[in-house]
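Geometric and topological summary
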Amino acid sequence: MPLLLRQIAAPDVPMEADNITPDRLTGQGAADVERLALMHGSESRSIGDFFSATGSYDGIIDLQGDDLKRVKFIGAGMSRGTIRVEGDVGEHLGAGMGGGEILVNGNATDWVGPEMSGGRIEIHGNAGHLTGSAYRGASVGMTGGEIMVHGNVRNETGNAMRGGLIAIGGNSGDFTGVNMLSGSIFVLGELGIRTGAGMKRGSIISMKDAPLLPTFSYSCTYRPGYMTLYLLHLSRVFAIAEEYLQGSYKRYCGDSVELNRGEILLYAG
Amino acid sequence: MSENVKVVENATCTFCGCVCDDMILTVDMDEKRITKSKNACILGKAWFAEHYIEEDAPVAMIDNRPVSMEEAVEEAARTLVNARFPITYGLSDTTCEAQRQAVAITDTIRGNIDTTTSVCHGPSGIALQGVGESTMTLGEVKNRADLVIYWGGNPAESHPRHFGRYAVTAKGMFTPRGKKDRHVVLVDVRRTPSAPAASQFIQVKPGKDFEVLWALRALVKNRRIDPDIEEETGVSLETMEELVERMKNCRYGVLFFGMGLTMTRGRHFNSGALLALATDLNEYTHFVAKPVRGHGNVTGADNVMSWQTGYPFGVNFSRGFPRFNPGEFTTVDLLAKRDVDAALIVATDPASNFPQAAIDHLANIPVVCLDTKATLTSKLAHVAFRTSTYGINTAGTVYRMDDVPITLRKAFDSPFPNDEEILTAIRKRVRELVLARGQARGATGVSRAAAPLQ
Ligand code: SF4
């Protein structure tokens with residue numbers, strides 16, 4: 001039986017719940033779970049003040065509530081297991097996670113999976129700024145794992161990303177893949193402006209045409225071999241049109257102010 | 001005018017980030033007014049001329065009812081200590097000494113501290129952390145700079161003496177002929193009153209600064225740029241190439257940038273692109289970059305915050321140690337998300353200039369406010385203190401926009417206490433309350449960083 005955490009009280013101020021991870025809850029009974037600490041603003045409270053726990057952890061945590069928007073750091077640092085969330089979640093979801101899976105049936109906000117190194121995050125709604133990014137001041141963002149967002153994301157998706165996969169079903173904001181070092185970002189909808197600014201390596205793929213910076217130059221139009229493999233992988237989660245699988249892509253290389261080894265691929269029909 | 005007149009030499013104007021320290025003020029001591037401010041620019045003259053002290057205003061109020069200072073300090077301290085997510089905001093128009101006390105209070109109550117930097121050059125702060133800064137003092141610019149570029153700012157109207165004292169007509173050791181020894185470029189989206197002072201004006205299409213800066217960076221690195229850049233940005237490839245040649249071949253180049261860059265789409269990436277351009281140019285010559293800061297001591301706020309917490313703005317102490325995350329811990333965002341349950345506002349008036357959602361929340365929470373005059377914020381405040389004006393009635397330290405500390409002289413006394421005195425009193429009381437609460441809980445309750453301040 002999964003461990004069910006149902007919200008019983010709404011936080012008045014931001015809450016940091018980095019204890020809500022499989023790693024911390026393994027082997028704990030419902031009563032023990034309720035005694036674990038979380039931060040409500042500057043005060044240390046226990047999970048039981050805001051959530052009722054039932055069942056016991058068997059690999060899955062179910063988190064449900066009407067006001068989870070202020071709950072930050074859900075699944076931070078997790079290495080295994082699954083967290084299923086019903087509702088909108090707060091910042092830093094799955095921050096630095098190394099394994100396991102987080103499924104959100106709702107929206108997420110800024111900082112989904114920052115600096116994660118493995119595992120999987122799937123958001124059924126939208127996410128905010130800085131999905132899969134480096135924290136301010138850090139030079140490397142996400143290094144592995146995958147983030148799938150069915151809706152839209154905002155700016156700086158994959159900032160300084162060095163590995164892994166980010167796929168966005170809707171549109172992305174500006175500076176997608178900024179300062180990217182490696183890895184892959186798929187945006188099935190439209191890209192914002194200034195995609196890939198400062199990128200060294202890595203691939204950014206979109207199914208729509210996009211304005212590019214003057215430091216990106218056109219290389220060729222072709223059918224990259226890996227595209228079919230990736231799109232088939234994505235088709236388990238997103239509806240991928242047949243023509244994308246068969247189509248060719250315009251390749252632009254950049255960013256020329258950096259190594260010029262990154263690529264942006266735009267579906268050409 | 002009375003006979004009782006005092007002349008204060010080498011006084012400092014704290015109206016803008018130039019912090020000119022060569023004012024000669026004539027003070028009518030009976031009227032308690034400054035009647036003449038020699039050397040001040042039009043903004044400085046207005047700043048001094050409009051200064052008056054409302055002597056019969058109460059020193060402190062609780063819910064708009066006059067109270068004693070002690071009562072107000074007690075109520076302010078209790079309000080802040082009882083909050084779970086209190087914020088401290090403002091701080092750019094006060095002395096470094098007061099700023100330091102505000103940081104100590106926030107640390108003790110495990111609150112969130114942010115300055116007006118977050119609504120002006122905060123993006124530059126993020127960019128500095130990301131790409132670094134090739135920096136200087138304005139004295140160096142005066143003595144050495146032979147290429148001066150202003151990007152996204154209108155100093156003729158916002159910092160009137162910037163040209164004359166430091167960067168355009170100023171005569172220095174290696175620039176004895178002033179403007180004749182310099183090439184001055186103004187880059188902006190429209191022709192402003194600063195344009196006539198410049199040797200060259202480059203007009204960029206609105207929202208295209210990043211593209212132009214990025215193309216300049218590419219050209220500095222000898223990369224190819226397509227001539228259709230003109231269509232997109234409004235600046236021809238030829239103009240860019242010429243500018244790049246000029247930048248590479250100058251002796252000492254400086255890039256000044258304003259809020260036209262930091263507050264338009266792209267924000268910290270715009271500042272970052274400009275800082276990176278300055279860094280790139282150091283392959284060829286000496287090149288520096290500097291934000292042109294607005295408020296008198298906003299630079300001091302950055303310095304004090306960085307010195308005390310490690311970060312310039314948007315710092316949170318909820319967990320007992322400082323964390324920096326603009327967007328999450330910046331005031332407008334926190335208020336708009338209604339994440340805050342009390343506020344300490346020092347020397348600024350967010351109720352008059354914040355987005356409506358943020359103001360609405362400010363009206364719903366207890367606010368402690370320190371200001372030299374009645375403001376919209378002081379009116380909605382739970383506890384409001386009336387303070388003396390820094391630079392006129394209060395001495396102390398401020399930082400000029402180039403991070404040079406300047407000591408203030410006071411011209412005459414005010415009946416009101418200054419920010420530092422009030423904040424120190426609040427800090428002491430806050431500390432007692434937090435310690436008492438900690439003892440009741442059997443813990444220390446005070447984070448260690450707060451302890452050493454006497
Ligand atoms: S330039 Fe600024 S600091 Fe100098 S006198 Fe004018 S307003 Fe005051």
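Quick note: structure is the one above.
Attention here is on the structure that accompanies the text. Just so we're clear, the structure is a prediction, and the values are computed from it rather than from any experiment. (Residues numbered from 1 in each chain as written. Chains lettered and ligands numbered in written order. Predicted model: local features only at pLDDT ≥ 70, side-chain atom pairs only at ≥ 80, totals over all residues. Heavy atoms only, no water.)

1. Describing the overall build of chain B
Scanning chain B from terminus to terminus reveals 18 helices and 19 strands. Relative to the globule expectation of 22 Å for 454 residues, the C-alpha radius of gyration of chain B, 23 Å, shows essentially globular dimensions. Expressed as lengths along the three principal axes of its C-alpha atoms, the size of chain B is roughly 70 × 60 × 40 Å. For chain B, the residues scored as buried account for 59% of the 454 residues in total. If you take every contact in chain B between residues at least 6 apart in sequence, the share linking residues at least 24 apart comes to 67%. Carbon together with sulfur atoms contributes 50% to the accessible area of chain B, which is approximately 17800 Å² in total. Mean positive and mean negative side-chain charge positions of chain B (52 and 54 charges, respectively) differ by 3 Å. (Helix = DSSP H or I, 4+ residues; strand = E, 2+ residues; numbered from the N terminus. Rg over C-alpha atoms; globule rule 2.2 N^0.38 Å. Buried < 20%, exposed > 50% of the residue type's maximum accessible area, 1.4 Å probe, protein only. Contact = heavy atoms within 4.5 Å. Areas by Shrake-Rupley, 256 points an atom, 1.4 Å probe, with all protein chains shown as cover. Lys, Arg positive; Asp, Glu negative; His and termini not counted. Charge placed at Lys NZ, Arg CZ, Asp CG, Glu CD.)

2. A look at the sheet that holds strand E6 (residues 86-90) of chain B
Residue and element names in this part refer to chain B. Strands sit in the order E5-E4-E17-E16-E15-E6-E7-E13-E14 across an open sheet of nine strands; the sheet is mixed. Two strands bound the open sheet, and with one partner strand each, they are strand E5 (65-67) and strand E14 (323-324). Examined bridge by bridge, strand E16 (residues 367-371) and strand E17 (residues 383-386) share four bridges and lie parallel to one another. When the bridges of E17 are listed, Leu370 appears paired with Phe385. (Pairing = 2+ DSSP bridges.)

3. Some points on the side chain of Ser206 of chain A
Residues and elements named next belong to chain A. Here Ser206 is to be found in strand E14 (residues 203-206). A distance of 3.0 Å separates a polar side-chain atom of Ser206 from the backbone oxygen of Gly189. Excluding residues that lie within four positions of it along the chain, Ser206 makes contacts with Val187, Gly189, Leu191, Leu265, Leu266 and Tyr267. (Polar contact = N/O pair within 3.5 Å; in protein donor to acceptor, adjacent residues only side chain to side chain.)

4. Focus: the packing of aromatic side chains
Applying the stated criterion to the full structure yields 15 aromatic pairs over all chains. Ring centres 5.4 Å apart and planes at 25° place the aromatic pair Phe186 of chain A and Tyr230 of chain A in the stacked group. One end of the pair, Phe186 of chain A, is in strand E13 (residues 184-187); the other, Tyr230 of chain A, is in helix H4 (residues 225-234), with 44 residues separating them in the sequence. Each ring, one from Tyr150 of chain B and one from Phe256 of chain B, has its centre 5.2 Å from the other, and the planes form 25°; the classification is stacked. Of this pair, Tyr150 of chain B sits in strand E8 (residues 147-151) while Phe256 of chain B is found in strand E11 (residues 252-257), placing the two residues 106 residues apart along the sequence. Relative accessible area serves as the criterion here: at 0%, Phe256 of chain B is assigned to the buried category. (Phe/Tyr/Trp six-rings, centres within 6.5 Å; stacked < 30°, edge-to-face > 60°.)

5. Regarding the nonpolar core
By size, the foremost hydrophobic cluster in this structure holds 95 residues, and its most contacted members are Leu5 and Phe51 of chain A together with Ile149, Trp151 and Met247 of chain B. Those residues in contact with Phe51 of chain A that sit more than four places away from it in its chain are Leu5, Arg6, Gln7, Ile8, Met15, Ile20, Glu34, Leu38, Leu63, Leu68 and Val71 of chain A. Among the nonpolar cores identified, the runner-up in size contains 40 residues, and Val8, Cys16, Ala40 and Val148 of chain B belong to it. (Core = buried A, V, L, I, M, F, W, Y, C linked by side-chain atoms within 4.5 Å.)

6. Examining the interface of chain A and chain B
The interface is formed by 35 residues belonging to chain A together with 36 residues belonging to chain B. For the pair chain A and chain B, the summed buried surface comes to about 3000 Å²; carbon and sulfur atoms form 49% of the total. Here chain A and chain B share ten salt bridges between them. Between Glu16 of chain A and Arg323 of chain B there is a salt bridge, with its nearest N and O atoms 2.7 Å apart. Linking chain A with chain B are 22 residue pairs in polar contact (both at pLDDT 80 or more), by the criterion used here. Of all the elements in the fold, those that place two or more residues in the side of chain A that touches chain B are strand E3 (37-40) and strand E4 (43-46) of chain A. By residue class, the composition of the side of chain A that touches chain B is twelve nonpolar, nine polar and 14 charged. (Buried area = accessible area lost by both parts, 1.4 Å probe. Salt bridge = Lys/Arg side-chain N within 4 Å of Asp/Glu carboxyl O. Nonpolar A, V, L, I, M, F, W, Y, C, P; charged D, E, K, R; others polar.)

7. Some points on the environment of Gly164 of chain B
Residue and element names in this part refer to chain B. The residue Gly164 is located in helix H7 (residues 162-167) in this model. Exposure remark for Gly164: the relative accessible area of 42% places this residue in the partly exposed category. Separated by 78 residues in the primary sequence, Gly164 and Pro86 have C-alpha atoms spaced 43 Å apart. If sequence neighbours within four positions are ignored, Gly164 has contacts with Thr169 and Ala170.

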